[in-house]
Amino acid sequence: MTTRETQVSQTQREETADRVETLIDEMTVREKAAQLAGTYVGTMGETRTLEDAEEMVREHGLGFVTPFGYGASPHRDSAEVVEIANELQRVAREESRLGIPILIPVDAIHGNAYVEDTTVFPHNLGVAAARDRDLVEQVGAVTATEVAATGSSLTYGPTCDVARDPRWGRTFETFGESPSLVGELASAKVRGIHEASVDVAAMAKHFPAYGEPERGEDTAPVDRSVSSLYRDFVPSFQQVIEAGVEGIMPSYNAINGEPSHGSSHWLTDVLRDEFGFEGYVASDWNGINMLHDDHRVATSGTDAIRQSFDAGVDVHSLGEVDHVDSLVELVESGAVSEAAVDESVRRVLELKADLGLFDDPFVDPDESADTLGKPTHRQVSLEAARESMTLLKNERDLLPFDDDADEVVVTGPNADSLVNQVGGWSVKEEHELTGTTIREGIEEFLGPESTVTHEPGAGIDEPGDVDAAADAASDADAAVVVLGENWYIHEFGPQDVTGPTDAFPNRAELTLPEAQRDLLEAVLDTGTPTALVLVTGRPLAIPWAAEHVDAILQAYYPGAQGGRAVAETLFGANNPAGKLPISVPRSEGHLPVRHNHLPNPTPIGEDEHLPSYDPLFPFGHGLSYTEFEYRDLSVSADSLARDDSVTAAVTLANTGDREGDEVVQLFAGRDYSSVVTPVRELVDFERVSLDPGEEVTVTFELGTDTFDVVHPDGSRRFEAGKVSLWCESTETSLEVVDQD
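The following refers to the structure shown.

About the criteria used
- Residues numbered from 1 in each chain as written.
- Predicted model: local features only at pLDDT ≥ 70, side-chain atom pairs only at ≥ 80, totals over all residues.
- Heavy atoms only, no water.
- Helix = DSSP H or I, 4+ residues; strand = E, 2+ residues; numbered from the N terminus.
- Rg over C-alpha atoms; globule rule 2.2 N^0.38 Å.
- Buried < 20%, exposed > 50% of the residue type's maximum accessible area, 1.4 Å probe, protein only.
- Contact = heavy atoms within 4.5 Å.
- Areas by Shrake-Rupley, 256 points an atom, 1.4 Å probe, with all protein chains shown as cover.
- Lys, Arg positive; Asp, Glu negative; His and termini not counted.
- Charge placed at Lys NZ, Arg CZ, Asp CG, Glu CD.
- Pairing = 2+ DSSP bridges.
- Axes fitted to C-alpha atoms, helices over the stretch in contact; angles between N-to-C directions.
- Core = buried A, V, L, I, M, F, W, Y, C linked by side-chain atoms within 4.5 Å.
- Left-handed = near helix turned anticlockwise from the far one by under 90°.
- Expected span 1.5 Å × (residues − 1).
- Parallel < 35°, antiparallel > 145°, perpendicular 65-115°, else oblique.
- 1 Å grid on protein atoms, 1.4 Å probe; cavity = no way out; pocket = protein on both sides within 12 Å on 5 of 7 lines; lining within 4 Å.
- Points joined across faces, edges and corners; volume = space filled by probe spheres on them.
- Nonpolar A, V, L, I, M, F, W, Y, C, P; charged D, E, K, R; others polar.
- Salt bridge = Lys/Arg side-chain N within 4 Å of Asp/Glu carboxyl O.
- Patch = residues over 30% accessible without salt bridge, like charges linked within 9 Å, V, L, I, M, F, W, Y side chains within 5 Å.

## Re the overall build of the protein
And then number 1: Check the secondary structure of the protein and you find 24 helices and 27 strands.
And then number 2: For 740 residues, the compact-globule formula gives about 27 Å, and the C-alpha radius of gyration of the protein, at 26 Å, lands near that figure.
And then number 3: Its C-alpha atoms give the protein principal-axis dimensions of roughly 75 × 65 × 50 Å.
And then number 4: Relative to its full complement of 740 residues, the protein shows a buried share of 63%.
And then number 5: Sequence-distant contacts, at least 24 apart, represent 78% of the contacts inside the protein between residues at least 6 apart.
And then number 6: In the structure as shown, the protein presents an accessible area of about 26900 Å², 43% of it carried by carbon and sulfur atoms.
And then number 7: Of the side chains in the protein, 51 bear a positive and 138 a negative charge, and the two mean positions are spaced by 4 Å.

## Considering the sheet that holds strand 14 (residues 451-455)
Either a parallel or an antiparallel arrangement is found when strands of a sheet pair, and the pairing is made through backbone hydrogen bonds.
And then number 1: Across the sheet, six strands lie side by side as 12-17-16-15-13-14; this open sheet has mixed pairing. Sheet topology places strand 12 (390-394) and strand 14 at the edges, where each strand pairs with a single neighbour. Strand-to-strand twist of the sheet, defined as the mean angle between neighbouring strand axes without regard to direction, takes the value 20°.
And then number 2: By the bridge criterion, four bridges tie strand 16 (residues 530-535) to strand 17 (residues 551-554) in an arrangement that is parallel. If you follow V533 over to strand 17, its bridge partner there is L553.

## A word on the nonpolar core
And then number 1: By size, the foremost hydrophobic cluster in this structure holds 119 residues, and its most contacted members are F207, V245, I248, Y280 and L349.
And then number 2: Apart from residues no more than four positions distant in its own chain, I248 is found in contact with M203, A204, F207, F237, I241, L271, F277, Y280, V281 and A282.

## Some thoughts on the sheet that holds strand 23 (residues 695-703)
And then number 1: Spatially, the three strands line up as an open sheet ordered 18-20-23, and their pairing is antiparallel. On the outer flanks of this sheet lie strand 18 (628-635) and strand 23, each paired with one strand and no other. Across the sheet, the axes of successive neighbouring strands diverge by a mean angle of 20°, strand direction being ignored.

## A closer look at the packing of helix 7 (residues 133-149) against helix 17 (residues 375-388)
And then number 1: Helix 17 packs onto helix 7 with a crossing angle of 145° between their chain directions and a minimal axis gap of 10 Å. Like other packed secondary-structure pairs, helix 7 and helix 17 cross with a definite hand, here left-handed. Contact with helix 7, carried on its side by L135, Q138, V139, V142, T145 and E146, involves H377, V380, A384 and E387 of helix 17 and no other residues of that element.

## Some details on helix 15 (residues 338-354)
And then number 1: End to end, helix 15 covers 24 Å across 17 residues, agreeing with the expected 24 Å (1.5 Å per residue, within 8%).
And then number 2: Taken as a whole, helix 15 has its buried residues at V341, D342, S344, V345, R346, R347, V348, L349, L351, K352 and A353.
And then number 3: A positive phi of about 80° marks G356, the residue just after helix 15.

## A short note on the packing of helix 20 (residues 466-474) against helix 22 (residues 514-525)
And then number 1: For the pair helix 20 and helix 22, the least separation of the axes is 8 Å and the interaxial angle reads 30°. Our classification of the angle between helix 20 and helix 22 gives roughly parallel. Crossing handedness for the pair helix 20 and helix 22: right-handed. Every residue of helix 22 that contacts helix 20 at V466, A469, A470 and A473 is listed here: D518, L519, A522 and V523.

## A few points about unusual backbone geometry
And then number 1: Following K205, the chain continues into H206 via a peptide bond in cis, with omega recorded as 0°.
And then number 2: Mapped onto the elements, H206 comes out in strand 7 (residues 201-207).
And then number 3: The phi torsion at H490 lies on the positive side, around 55°, for a residue other than glycine.
And then number 4: Among the secondary structure elements, H490 is positioned in the loop between strand 15 (478-484) and helix 21 (495-498).

## Notes on the layout of surface pockets
And then number 1: Approximately 880 Å³ is the volume found for the largest pocket.
And then number 2: Contributing to the lining of the largest pocket are 33 residues, with S180, D705, T706, F707 and R716 lying nearest its centre.
And then number 3: Looking at side-chain class alone, the lining of the largest pocket contains 12 nonpolar, 10 polar and 11 charged residues.

## Quick look at the pairing of strand 15
And then number 1: Among the seven residues in strand 15, seven count as buried, and that is most of the element.
And then number 2: The pairing of strand 13 (residues 407-411) with strand 15 spans four bridges and is parallel. Within strand 15, the position partnered with V410 by the bridge is V480.
And then number 3: Bridge count for strand 15 against strand 16 is six bridges, and the pairing is parallel. Of the residues in strand 16, the one forming a bridge with A479 is T530.

## A word on the pairing of strand 12
And then number 1: Burial analysis of strand 12 places five of its five residues in the buried class, which makes it a mostly covered element.
And then number 2: Sheet topology places strand 12 next to strand 17; four bridges connect them, and they run antiparallel. In the strand pairing of strand 17, L391 is matched with L553.

## So, the pattern of salt bridges
And then number 1: Enumeration according to the criterion identifies 49 salt bridges in this entry.
And then number 2: For E212, the salt bridge goes to R224, with nearest N and O atoms at 3.0 Å. Here R224 lies in the loop between strand 7 and helix 9 (226-233) and E212 lies in the loop between strand 7 and helix 9, a separation of 12 residues in the sequence.
And then number 3: A residue is classified by how much of its surface remains accessible, and E212, at 6% relative accessible area, is buried.
And then number 4: The class of R224 is partly exposed, set by a relative accessible area of 24%.
And then number 5: Each of the salt bridges in this network shares a partner with another, and the network as a whole consists of R164, E212, R224, R231, D232 and R594.

## Some remarks on the environment of G559
And then number 1: Checked against the element boundaries, G559 lands in the loop between strand 17 and helix 24 (562-570).
And then number 2: With a relative accessible area of 0%, G559 lands in the buried category.
And then number 3: In this structure, the C-alpha to C-alpha distance between G559 and F685, residues 126 residues apart in sequence, is 24 Å.
And then number 4: Residues contacting G559, with those up to four places away along its chain left out, are V120, F121, P122, Q421 and V422.

## Quick word on a negative patch on the surface
And then number 1: A cluster of like negative charges, contributed by D402, D403, D404, D406, E407, D465, D467, D471, D475 and D477, occupies part of the molecular surface.
And then number 2: Of note, D406 is situated in the loop between strand 12 and strand 13.

## Re the side chain of S317
And then number 1: Within the secondary structure layout, S317 lies in the loop between helix 13 (301-311) and helix 14 (320-333).
And then number 2: With near-sequence residues (within four places) excluded, S317 lies in contact with G38, T39, Y156, A282, S283 and W285.

Geometric values such as these leave the question of function open.
Next up, the structure:
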């Protein structure tokens with residue numbers, strides 16, 4: 001039961017149900033269909049103005065409008081969007097026949113980042129490196145608070161996709177490659193959204209499987225076995241459903257030949273009947289039209305609407321009046337039953353009632369101004385960036401640099417770009433963002449006693465003045481080279497930000513472009529102590545850098561406060577403790593590379609086969625400025641019976657000379673099983689903080705379902721057998737037994 005549900009009395013629920021049923025009885029078929037359609041403001045192929053949206057709400061009773069909070073809207077000013085939300089709600093309440101309020105969804109992927117003056121968090125991949133459930137709940141709560149402050153009541157998130165191909169342009173939106181990690185953190189985000197003192201709903205996406213598309217191409221088919229779908233992709237959705245998520249968004253792609261938006265198997269048989277989801281399902285923007293236009297499984301736009309509705313899609317997010325007309329036609333012809341439409345409308349109206357929109361859908365502009373980007377919110381963003389910092393390499397303890405360095409040079413295309421630092425699904429002009437770049441963070445941290453010289457040296461994929469950067473580095477005490485990727489979404493667009501479609505970043509290249517490599521080599525050749533900072537949305541294949549650079553810090557897209565977090569980490573005020581949420585490949589040719597791969601035979605001998613898992617940096621890797629020792633991994637019992645549980649415990653000691661956090665990660669794998677299972681999988685994790693010389697016992701509660709085996713039909717089954725457990729350098733085993 002969700003936090004919101006616990007706050008609603010039985011009487012309130014009955015009153016809501018009565019209100020909804022009264023409305024449904026009063027509605028015409030056309031008014032019902034309108035509640036299941038949405039529109040937008042902005043330009044996506046065609047332009048829709050605020051006046052257009054208001055007319056659709058006034059004259060047709062449309063149930064959803066997205067006037068801001070996404071990339072194609074021209075409205076980003078925080079005061080303006082509040083006025084827009086209030087005016088749209090006024091039109092809906094006062095000028096439509098039934099006065100039903102609208103739902104305003106936004107793309108708040110890492111904060112309400114498409115609106116100026118808001119708090120922009122690190123992207124999910126970075127947050128996943130922190131391995132901190134409480135932190136993710138705080139991120140969710142702040143996001144919900146700032147979403148509500150702009151007049152919206154629904155965020156398109158959390159992202160429940162498991163990223164299994166780093167070529168995919170949406171990798172940075174995910175919590176990584178581990179189903180367990182994704183499920184835990186996505187659920188934490190839902191809890192945080194619900195625990196905020198506002199009424200905002202969450203919509204999990206993209207069901208059922210999106211993160212391993214063919215060729216790494218966004219929206220391309222996912223052809224995977226049923227066992228893989230149930231083992232790798234859908235568990236995270238099951239977890240957020242249990243956490244009370246209100247909405248589900250299907251994926252654009254086809255799953256084993258069946259487009260998600262037209263799949264009654266996935267959206268009804270699995271999502272509702274098997275997983276027990278009771279909320280509403282909304283199309284991913286034009287996902288319904290794609291059944292006809294792209295997948296070509298529907299013979300017309302109307303047929304696509306019929307297929308999607310029969311499959312279990314309640315709302316056409318961009319359906320507009322065309323959707324209303326078509327759905328009315330389908331009901332009148334008998335192709336869709338009015339009772340089925342009523343059920344979808346009931347889900348939408350109940351959510352609007354639960355969110356308090358019938359009582360008061362308006363926002364106080366003064367309260368909004370006081371809420372957006374407030375210092376306590378930005379402090380959460382800063383803490384998230386700090387905790388996400390992942391130290392990949394630190395030869396000869398190069399880091400941290402001395403914080404009294406006299407001369408520091410900062411170079412690279414991402415050294416002074418707030419837009420690149422926050423990454424996609426955000427406003428994309430420097431003047432629209434409030435934050436600290438890495439150059440600014442280093443300057444502020446070191447203060448006026450030090451000289452910080454900034455030389456760009458190169459663009460993302462364009463040569464720059466390498467000589468100027470090298471000259472500056474040759475006279476410096478330390479050099480910070482900030483490389484990586486720029487702002488992009490989906491398939492690395494839109495083009496006005498990233499240039500030609502074959503320019504870096506793209507699916508074909510996971511290596512740094514030549515311009516960035518030349519800059520890095522030139523700075524290293526000076527002999528100045530050099531740290532490489534990677535601001536990226538995906539893990540990049542950097543074998544040359546991994547061999548030649550002494551210190552490498554993975555910063556991900558660290559958000560608007562990320563410059564300060566990077567500076568604090570480089571100069572020792574923040575001890576890095578992030579752990580990679582996704583494996584770093586050696587090259588594109590090494591893909592796929594993931595920690596939970598399946599074992600395979602070596603018919604000509606192990607020595608003749610390259611390792612199945614041989615990443616440049618493995619999943620879960622991350623260094624610290626202190627030292628930790630793991631000892632005595634044990635379980636509270638030698639055997640684990642069906643429906644029982646045991647406690648795994650490991651001793652962790654800080655044997656270094658400074659305080660630090662450590663993420664304790666527990667992995668498990670079956671020695672033998674009736675079907676092939678992953679060699680090892682992350683099953684649990686805990687972030688702890690230890691002073692020098694301190695040690696603690698970290699425990700994990702494990703039930704038999706932790707070790708269920710997924711069979712070819714997708715069923716998870718109890719199975720007796722030996723299970724091995726690993727925690728860093730220590731391991732133990734456990735016998736799962738069937739005593740029935």
